[in-house]
Amino acid sequence: MTGNFIEYSNYEQMPLHFKPAHEIRRMLDSKEISPAELRAHIAGRIKKYERLNAFLSVIPDAITSEIGFVSASKTDNAGRAAASVPVSAADNRYWSDIPVALKDNIATKGIKTTAGSKILENHTPIYDAAVVKKLKKSGAVIIGKTNMDEFAMGSSTENSAFGATLNPWDTTCVPGGSSGGSAVAVAGGMAYMALGSDTGGSIRQPAALCGVCGMKPTYGRVSRCGLIAFASSLDQIGPFTRDALDMASALDAICGHDPADSTSSDIKFEPLFDQIKNSADFSKLKIGIVDDYFGEGVDSGVTLQVQAAVDQFKKMGAEIISIKLPHTQYAIPVYYLIATAEASSNLARFDGVKYGFRAPEFKNLKEMYMKTRDAGFGAEVKRRIILGTYALSSGYYDAYYKTAQKARTKIKEDFQAAFAKVDLILSPVTPATAFKFGEKTADPLAMYMSDIFTISANLASIPALSIPCGLSDGMPVGLQLSANYFQEKLLLAAAYQYQKHTVHHMRFAAGCSL
Amino acid sequence: MNYEAVIGLEVHVQLSTDTKIFCSCSARYSGNEPNSNVCEICSGQPGVLPVLNKEVLKRAVKTGLALNCTIAKRTKFDRKNYFYPDLPKGYQVSQFDMPICENGSIIVNDSRAEVKKDKKIGITRIHMEEDAGKNTHDTAGIHSFVDYNRAGVPLLEIVSEPDMHSAVEAKEYLEKLKVILKYINVSDCNMEDGSLRCDANVSIRPAGQLKLGTKVEIKNMNSFRGVQKAIEFEIERQTKLSEAGSKIIQETRLYDEAKGITLTMRKKEEAFDYRYFPEPDLPPYDITIEEVNAIKATLPELADAKFERYTRDMLLGDYDAALIANNPPIAAFFDECVKTCNNYKALTNWLLGDIAKKMNELSTADIFTTKIRPQHLVQILNLIDNQTISGKIAKTIIDEVFSTGDCVDAIIERLGLIQISDNSLILTVINEVITENPKSINDFLEGKQAAAGFLVGQIMKKTKGKANPKIVNEMLYAELAKLKKA
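Here goes a summary of the coordinates provided. (Residues numbered from 1 in each chain as written. Chains lettered and ligands numbered in written order. Predicted model: local features only at pLDDT ≥ 70, side-chain atom pairs only at ≥ 80, totals over all residues. Heavy atoms only, no water.)

### Here's the deal with the environment of Asp256 of chain B
All names here are of chain B. Secondary-structure assignment places Asp256 in strand β13 (residues 251-256). Between the C-alpha atoms of Asp256 and Asn222, which are 34 residues apart in sequence, the distance is 9.9 Å. With residues up to four places along the chain from it excluded, the contact list for Asp256 reads Ile261 and Leu263. A polar side-chain atom of Asp256 sits 3.1 Å from the main-chain amide nitrogen of Ala258. One polar contact links the side chain of Asp256 to the main-chain amide nitrogen of Lys259, over a distance of 3.1 Å. (Helix = DSSP H or I, 4+ residues; strand = E, 2+ residues; numbered from the N terminus. Contact = heavy atoms within 4.5 Å. Polar contact = N/O pair within 3.5 Å; in protein donor to acceptor, adjacent residues only side chain to side chain.)

### Description of the sheet that holds strand β14 (residues 261-267) of chain B
Residues and elements named next belong to chain B. The nine strands are arranged β2-β6-β7-β10-β1-β11-β12-β13-β14 in an open sheet whose pairing can be described as mixed. Each edge of the sheet is formed by a strand with only one pairing partner; in this case those strands are β2 (70-71) and β14. Sheet analysis places β13 next to β14, joined by six bridges and oriented antiparallel. Bridge pairing in β14 places Glu251 opposite Lys267. (Pairing = 2+ DSSP bridges.)

### A few points about the interface of chain B and chain A
As a measure of interface size, the accessible area lost when the parts come together is often cited. Taken together, the 30 residues of chain B in the interface contact 37 residues of chain A. Buried area between chain B and chain A, summed over both chains or domains, comes out near 2700 Å², and the portion from carbon and sulfur atoms is 58%. At the boundary of chain B with chain A, the tally comes to one salt bridge. Note that Arg224 of chain A is salt-bridged to Asp281 of chain B, the shortest N-O span being 3.0 Å. Between the two partners, chain B and chain A, sit 17 residue pairs in polar contact (both at pLDDT 80 or more). For the side of chain B that touches chain A, the elements supplying multiple residues, two or more each, are β4 (78-81) and β15 (277-278) of chain B. Across the side of chain B that touches chain A, the residue classes tally to 18 nonpolar, six polar and six charged. (Buried area = accessible area lost by both parts, 1.4 Å probe. Salt bridge = Lys/Arg side-chain N within 4 Å of Asp/Glu carboxyl O. Nonpolar A, V, L, I, M, F, W, Y, C, P; charged D, E, K, R; others polar.)

### Side note on helix α2 (residues 167-183) of chain B
All names here are of chain B. Spanning 17 residues, α2 covers 24 Å between terminal C-alpha atoms, matching the ideal 24 Å at 1.5 Å per step. Residues of α2 that are buried: Ala167, Glu169, Ala170, Tyr173, Leu174, Lys176, Leu177, Val179, Ile180, Leu181 and Tyr183. Where α2 ends, the next residue or the one after it, Asn185, has phi of about 60 degrees, a positive value. (Expected span 1.5 Å × (residues − 1). Buried < 20%, exposed > 50% of the residue type's maximum accessible area, 1.4 Å probe, protein only.)

Okay, structure coming up:
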């Protein structure tokens, strides 16, 4: 399938909704557009592409201003941005007036937050997640909450209790998951940036499948406070953006130590935007490649595009080095023991007692629990709760959970050994491009395999980025770059240089270009 | 057959910190409207994260040091998973395999020794955890309610070794534990209001056998006496079963205070699998030797050391020394007094006699809630010593101090209680009494010494007890001697 995309050669050509946030920032600062016009345009886009089901709730202007989601523009009666000096990302007002979206597992005070589950169908948090506070501070306009696999469990967004999200490149295909709604919001020109959460690839995989940039920062870089937990030791919030520069400004808005999250790192976060923008061409960068990741089981179209990216990096002066990550072959079983064990505990609070759904009829406490959780959770969530409960059971703990933790340590050590030799590791994001709806729902293991390249970064707690690197049969292919702890700058600098030399990030699905 | 009981106690104490263990809500929850002392964290809202209140860690270390424990170099939290409405997250954040303190001990009296003897009861471990909320049910039995005000209040669980062999010993262990915890000021330690809770593991075995019998856990004991009664009942129940040849089954039993019996709550097969695993939201904590030493420096002198000092340096009797040392406020009061008064015996007598009696009347256990202060007692003792007042007047002054808190001088002046040591005044009274009691004078002159006592009484009566008894005695005998000669 060809001709399903539009490629732009510069920002001027792009319609307003496809322009990157840094271009929108410039336009707002130079008053080429007003915040009200921008919001109206994006609101129109969301309405127009409602059928993609990217959003679970849309926050209309009236509500946003009432509860303080719109900030900078309020000072200006004419609806023009008050700022007359250009805003840089080092300023925490960089996102002023720019519409962004949030995955629906990020708590928003006074705004429904469902985590894609029936059990939280009518749940309205009483507090804001740390990232929401930060985005509000940076002036961002939060336009809606995006669809997701229930409790972030899934790789296709088909596990949402509120219907699947469609891939704008081909609406018969999944957008990936679990942050499918956020990926589609950015890919479809309905938000300039969206936050997702990545536990085993839930940002990078949908980013790859929808042709946008997605990043999982180092574990501890972004506060998890207010992120409805799936697997606490793996979950990390991260952005979806159009390009590497926007990724830098998005990280600038959300990264940093948070005393309210005990797992948040206190290693100082240096704002990235200016550093990335001014980063020089790199030579002597060492990029590691695991040969096995290009072999059997990986779609040839994907291999072709990723190999082309390797060649591009070589052309730009990077040295390509073959590395081994021997224990990553255990990543999937290790992940599905640790993640499900933590999930079985994290999801215990959804018991019908305090908030959310409660079964209407029951004879006693035990029946209330059982009926509530039976009707409130979907099949995949139940499957993982059962799996995790089993892994933690007395008599099985050592064989499963403890062994998995040991293997996790081995995987971490693999990466540390690799990063002693290379600066970055390059791989495909997924073994194949977006699959069809229903294609893998009957086979959970096949679904789990779509995360094979992304899971290790969560297990190793390292940062990893997915950027578009071409198309295979008209569907986007993602390139994954990962780096050592807290090397977000290195990742983004490489991605920025790559994007300077390529056009993949300038391509959009034709189906929603207008 | 003779049976030996083996008892271990699991004690939960609420720490009296300002705030809860993982959020900034107040840890003082009682008396509040249900669910008014909660936030998104302690009510377990989706997405919330715990942040450890460092004061809890400090108090746990302090407790461990006071109980002679080894303090962990690294400690971590774990999740204990079970469903119950009072547990907001569906798991309790507790500690499983890396508790903050291990291998401690407490000294109590050996209940089996022929003569009084010290006995060391081992403390297996101390760990930190969060308290749950409280479920209540309406009288009709239709609705249940949950109050999360208590959820997240910090707890220490103190687990003893199965080193106790009688209900009395268990009670003594508990009492001693409470005294120590009161000294270090980490908890209110009140069983009645739930700030100290105790579960007991009880088993019996034929005397002399090393292998432990099947243990039964007893819950729901709400007083020190209840603990003793419940264990007594349980030992008797198990002994009867064994004597009848029946098997004791491993189970958890509830103590029914009104009936004084224990009843099955759940059998072993119904026990929960708590699926403990490391709490991923809280990284492990490393505790440095410097931190431990800093906390050690804040430890006050504890009961055993005080007892030693009172008996060895101040020569108090064991009984009196123990009474003072095991009552932290009384000991503090006593220690303040001895800074300026070395009449330890008199201090002890007054403190454990008249003052204890006054406190009983006021039904208070803490002397510092009354109006008497160490300066009062020291001054009263000094006045007795230098014969400014008599013991009888001292009692009057103490009564007055308890009701007004005024200083001793003011009380003496107001009530005119100063002792009469003026010889001429006393002589006048002596002569009056001699004139008024010719029969007693005759008796005395005939050799009845007891008559002199009567005369002293009459003199004290006339002076309303204010005459200096020593002077009265001396002068009376001198006057009587004159009469003898005449």
